[in-house]
Structure formats: structure tokens, C-alpha cells
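If you want the building blocks of each chain, they are given just below.
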Amino acid sequence: MGRIELKDVNVTFSLRKTTKVTLKEYLLKGLFLTTVNPVVAIHALNNLNLTLNDGERLGVIGHNGAGKTTMLKMLAGVYPPTSGSRIVEGRICSLFDISVGFEGEANGWDNINYRGYLQGETPKSLKKKRGEIAEFCELGDFLNIPVRYYSAGMLVRLAFAIATATEPDILLVDEVLSVGDMAFVTKAKDRMRQMMKKSSLMVLVSHDLNSVQEFCTRAVWMEHGRVLLDGEPRAVVTAYQASIAQPAAVVA
Amino acid sequence: MIDHMKAVWTFRYFWLSLVKMDLVTRYRRSVLGIGWSMLHPLAMTTVLCVVFSHFNADPTKPDAWRLYAQRTLAGLAVWEFLRNTLVLGCKSFLQNEAYIRLSPLPYGIYPLRTVMGNSIHLLITLTVLVILVAVLGTVYVQPTIWAVFPAIILAMLFGWGIATIAAFATTYFHDVSHLIEVAAQAFFFLTPIMYEPKLLIDQQLGWLVTVNPVYVFIEIIREPLVSGIIPDWDRYAYAGGMTASSVALGLGTIAWLQKRVIFQL
């Protein structure tokens with residue numbers, strides 16, 4: 001059973017204009033130096049309120065930099081909210097940044113282990129799944145060589161196969177299907193459909209408006225870290241498309 | 001805090017498998033493999049034996065070098081362990097950034113990966129030392145050898161604490177890792193490793209030996225293993241106090257910064 005409840009959630013990144021603050025600067029700041037490197041606060045999520053109950057499939061759309069990925073990472077627990085409360089109940093499976101975090105020197109089989117354990121598997125539960133993962137990613141003997149020799153596509157195949165081998169309550173997805181060859185994309189889409197059926201709650205971040213309409217029961221349109229519109233997918237997508245079409249019409 | 005430690009335990013397969021991988025990849029493509037881990041202390045021992053047997057300070061005791069070689073290897077083993085734990089611990093969040101960004105694991109796991117990896121090297125060196133004691137010493141095995149194990153556990157916990165603090169500090173200020181490297185070099189000469197503590201005590205600097213947190217761990221690991229002496233209880237109390245403070249500070253730093261450190265990575 002999955003449940004997500006966000007109350008007035010804010011996430012603010014404090015970035016430096018140039019690089020990080022150095023120890024020297026930190027120590028001297030209070031004494032006599034005025035900083036040449038001011039902090040820029042980026043309000044990635046702005047008073048976000050959202051409740052998702054069992055069975056809901058949420059599609060998140062919006063421009064680049066609207067805070068969609070930050071929201072997903074906050075839901076996954078990677079970014080703690082700067083203020084507000086985040087309640088997430090249920091086992092999470094996150095499909096974002098899936099091709100990072102591999103140990104390049106280790107071979108495919110070992111990386112299946114690391115990733116599996118990272119997702120909370122035990123040697124016992126993973127043993128059953130290893131064969132299944134190997135079969136799904138179709139990498140065959142490549143699993144015996146270190147992953148640093150893998151191509152980007154192969155890495156995504158492996159990552160996707162591992163990430164989707166769990167049975168989550170909550171599925172968090174960020175544009176994973178745009179990579180890999182045609183055959184794999186089709187296969188991956190099938191697997192995604194199965195997972196969406198099995199998991200009790202899903203959040204899908206996508207620029208593919210068709211898949212949002214196809215898979216989701218609810219959609220939100222985000223802009224500057226806020227929810228601009230929340231409702232039935234078709235209505236939200238139509239409104240979003242209209243907003244994109246308008247400036248284009250002016251130019252034409 | 002208890003939740004944090006529970007979570008570290010839940011993900012034990014994850015960090016244990018990474019420790020194993022670190023060990024395997026370190027010597028991948030080399031002929032001897034893990035044998036290098038053995039060879040390193042062995043080579044060091046050979047050098048120590050040769051040096052000490054040729055430059056014998058006291059001609060009335062021609063066999064003194066035998067003991068010096070054992071004592072110095074023991075001191076170096078503990079020093080290397082603590083130094084590497086701290087220096088490599090600095091980078092433990094930066095190196096595991098991909099995992100930190102992927103999944104909200106307890107932060108204590110990453111310094112633990114460093115400490116465990118270094119502990120294995122410590123154990124290998126100490127095994128070489130046990131052999132050396134049998135070869136050069138007056139008895140095959142000191143009857144007090146059992147006391148080494150709790151001391152190693154203490155040293156590992158102490159190492160985890162300092163590595164955790166260093167990891168957070170380095171994430172905020174990258175200069176810290178360089179500062180620590182320089183400071184470690186100076187600290188090496190302050191610690192009676194290549195010389196006997198008597199040298200400092202004679203200079204009225206005995207307090208430097210007493211408070212030195214590295215030396216206390218050298219003492220409680222070396223004495224039962226090499227000299228067959230169990231150090232006084234107050235030395236154990238000092239080591240225990242150091243360990244408790246280090247672990248408490250490490251846990252405190254995690255509690256304080258765990259919700260913020262990701263924005264610094």
C-alpha cells in the first residue's frame with residue numbers, strides 16, 4: 001500500500017556563483033572580507049501541497065527546470081525538504097539517473113548485486129532475481145566484463161533490468177525510456193506497463209504528453225516549483241499545449 | 001540515531017559487497033593479487049630488520065633489534081590504519097556521490113566502507129606480525145594475544161568516528177583533506193612509532209605520549225601482541241573514552257548535517 005502526502009514542501013538549493021566557498025573564505029568572512037562569491041538561492045520547490053492515495057497514477061509535466069525532477073528526488077528521499085513535511089509510505093522504486101552509480105571496475109554480475117542490495121535486497125531474495133535480470137537485459141556474456149567497457153545503451157539495459165526487478169509500492173519514473181535501441185524500448189515499455197499495474201502508486205515525469213495521457217489517472221503541470229494546474233490528464237495536457245502554442249502563434 | 005544504526009545494518013549486504021569489491025579491484029591485473037597486501041608489510045619488516053640489526057644503538061644488547069623490528073612494525077600497522085582511515089575517509093562522500101544521489105541510504109555507510117577496507121589491511125599486517133613474533137620473539141605466541149581483538153574493535157570504531165567527521169568536513173570544505181594530509185605527516189613524528197616513548201619522556205614531554213590518541217591504540221594493540229603485557233586499565237579507559245567521543249561526535253555530525261549535506265555535494 002502506498003501513500004504520499006506533501007504539506008507546504010519547500011526545497012531550496014544554495015549555490016555559489018562561481019565555485020564552492022573555501023575554508024579560508026569561510027573563516028575570514030566574518031572578520032573583514034566581504035564575499036565576492038555570493039550565495040544564490042534557487043527555490044526549486046515552492047510550497048508544494050500534494051496528496052496521492054493508493055491506486056493513483058500521477059503524471060508531471062512542465063518545462064525544463066520547472067522542478068519536476070527535484071520533486072521526484074524529494075519524493076524518493078534523496079533531497080530532504082528544506083521546510084514542510086513529507087510523508088511517504090510504502091516501498092519505493094525509483095527510475096531516475098539509473099545509469100549512474102555503477103562500479104566501473106566490477107563486472108555486470110557484481111553490479112547486479114550492488115544495485116540489488118542498494119534497493120534493499122538480501123542475497124537470498126536476489127539469487128532468484130539474478131537470472132531474471134540477466135535474461136531481461138539480454139547482455140549475455142557481456143555480464144562477465146567490467147561495466148566500464150559498456151556502451152551507454154548497454155548500461156541503460158542493465159540498469160533498467162535491475163531497477164525494475166523489485167516489486168515496489170511506489171514507482172517514481174523520470175524519462176527513462178528515451179534511451180536504448182528500438183527493440184529494447186518496446187520491451188521496456190511493456191515491462192513498465194506491468195509494473196504500473198502491480199505498483200499501487202506511480203509518479204511519472206515525462207515530456208511525452210501521450211504517455212502521460214495513456215498511463216496516468218491524474219496530472220499536474222509545474223512551473224517554477226509550483227503546481228500550476230492539477231486535474232484530469234487530458235485537461236491538464238490540453239492547457240499545457242495551449243500555453244506552448246500561444247507564444248508560437250505570436251511569432252508566426 | 002538508533003534508526004540510523006538499524007538502517008546501516010539493513011543495508012549490510014550493500015556495503016559489505018562494496019568492501020569486497022574495493023579489495024578485489026585494488027589488486028586487479030596484478031600478478032600477486034591480494035598477496036601484495038601481505039608483501040607490503042613483509043617488505044617493510046625486512047627493511048626494519050636489516051636497518052635495526054646494522055644500526056644497533058646499544059652494543060651490549062646485540063639482540064635488541066629483534067624486539068625493535070616487531071615493535072616498529074606493530075606501531076606502523078596501527079598508524080597506517082588510522083591515518084588511511086582518516087585520509088581516505090575525507091573522500092568517502094565525494095566518492096560515493098552517485099549512490100547518495102540515487103538512494104537515501106544512511107550516511108554512516110560510506111565511512112564504514114572505508115574503515116572496513118582499511119581494517120582488512122590492518123588484520124593482514126597484524127597476521128604478518130604474529131609470524132614475525134614467532135620467528136624473532138622469545139615465545140611463539142604471547143599468551144595475551146586475545147587482548148588484541150577488543151583493541152582492534154575499539155580502533156575500528158574510533159576510525160569510523162573520525163572518518164565520518166572528516167567526510168562531512170571535506171564535503172563542505174574541500175581544503176580539509178589536504179590539511180589533514182599535512183597534519184598527519186607532522187603527527188607521525190610526534191607519535192613514538194620509529195622511536196621509543198622514552199625519548200619524549202626524557203625531554204619532559206611525557207604528557208605528549210599520554211594524550212596522543214594514536215599512541216594509545218598502538219599500545220593496546222602492540223603490547224599484548226609483542227611484549228605479552230596487558231596495558232594498565234587507565235590506558236584502556238583512555239582508549240575507550242576516545243572511541244566513545246569519536247563515535248558520539250560522528251553520530252552527532254550525521255544527525256546535524258544529514259539533511260543538508262546533499263546540497264553541498
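All figures in this text were calculated on a predicted structure; none of them were measured in a lab.

The next subject is the layout of surface pockets. Empty space within the largest pocket amounts to approximately 1000 Å³. Taken together, 34 residues form the lining of the largest pocket, with Ala76 and Gly77 of chain A together with Ser103, Pro104 and Leu105 of chain B sitting closest to its centre. Elements that contribute at least two residues to the lining of the largest pocket include exactly strand E5 (92–95) and helix H3 (108–118) of chain A together with helix H1 (2–10) and helix H6 (97–102) of chain B. Tallied by class, residues from the lining of the largest pocket come to 20 nonpolar, ten polar and four charged. Both domains that furnish three or more residues to the lining of the largest pocket are identified here as domain 1 (3–91 + 167–251) and domain 2 (101–155) of chain A.

Within this structure, the stated rule accounts for 20 salt bridges over all chains. Salt-bridge contacts for Arg3 of chain A lead to Glu5 of chain A; the nearest nitrogen and oxygen are separated by 2.8 Å. Residue Glu5 of chain A is classed as buried on the basis of its relative accessible area of 16%. Its salt-bridge partner being Asp22 of chain B, residue Arg113 of chain B comes within 2.9 Å of it at the nearest N-O pair. Of the two residues, Arg113 of chain B sits in helix H7 (residues 109–136) while Asp22 of chain B sits in helix H2 (residues 12–26), which places them 91 residues apart along the sequence. Three or more residues joined by partner-sharing salt bridges are found here, namely Arg3, Glu5, Lys7 and Glu89 of chain A.

Moving on, we get to the packing of H3 of chain A against H2 of chain B. Relative orientation of the contacting elements H3 of chain A and H2 of chain B amounts to 150°, with a least axis distance of 8 Å. Between H3 of chain A and H2 of chain B, the interaxial angle falls into the category roughly antiparallel. Remark: the crossing between H3 of chain A and H2 of chain B carries left-handed chirality. Of H2 of chain B, the residues touching H3 of chain A (which contributes Tyr114, Tyr117 and Leu118 of chain A) are Tyr13, Phe14, Ser17, Leu18 and Met21 of chain B. Looking at side-chain class alone, the contact of H3 of chain A with H2 of chain B contains seven nonpolar, one polar and no charged residues.

Accessible area lost upon the coming together of the parts serves often as the stated size of an interface. All names here are of chain A. You can read the domains of chain A as domain 1 (3–91 + 167–251) and domain 2 (101–155). Contacts between the two partners involve six residues from domain 1 and, on the opposite side, seven residues from domain 2. Counting each side, the surface lost to burial between domain 1 and domain 2 is near 590 Å², with a carbon and sulfur contribution of 48%. Our count for the domain 1 to domain 2 interface comes out at two salt bridges. Taken together, the links from domain 1 to domain 2 amount to three residue pairs in polar contact (both at pLDDT 80 or more). Residue classes in the side of domain 1 that touches domain 2 are distributed as two nonpolar, no polar and four charged.

Thresholds applied
- Residues numbered from 1 in each chain as written.
- Chains lettered and ligands numbered in written order.
- Predicted model: local features only at pLDDT ≥ 70, side-chain atom pairs only at ≥ 80, totals over all residues.
- Heavy atoms only, no water.
- 1 Å grid on protein atoms, 1.4 Å probe; cavity = no way out; pocket = protein on both sides within 12 Å on 5 of 7 lines; lining within 4 Å.
- Points joined across faces, edges and corners; volume = space filled by probe spheres on them.
- Helix = DSSP H or I, 4+ residues; strand = E, 2+ residues; numbered from the N terminus.
- Nonpolar A, V, L, I, M, F, W, Y, C, P; charged D, E, K, R; others polar.
- Domains from an automatic or database assignment.
- Salt bridge = Lys/Arg side-chain N within 4 Å of Asp/Glu carboxyl O.
- Buried < 20%, exposed > 50% of the residue type's maximum accessible area, 1.4 Å probe, protein only.
- Axes fitted to C-alpha atoms, helices over the stretch in contact; angles between N-to-C directions.
- Parallel < 35°, antiparallel > 145°, perpendicular 65-115°, else oblique.
- Left-handed = near helix turned anticlockwise from the far one by under 90°.
- Contact = heavy atoms within 4.5 Å.
- Buried area = accessible area lost by both parts, 1.4 Å probe.
- Polar contact = N/O pair within 3.5 Å; in protein donor to acceptor, adjacent residues only side chain to side chain.

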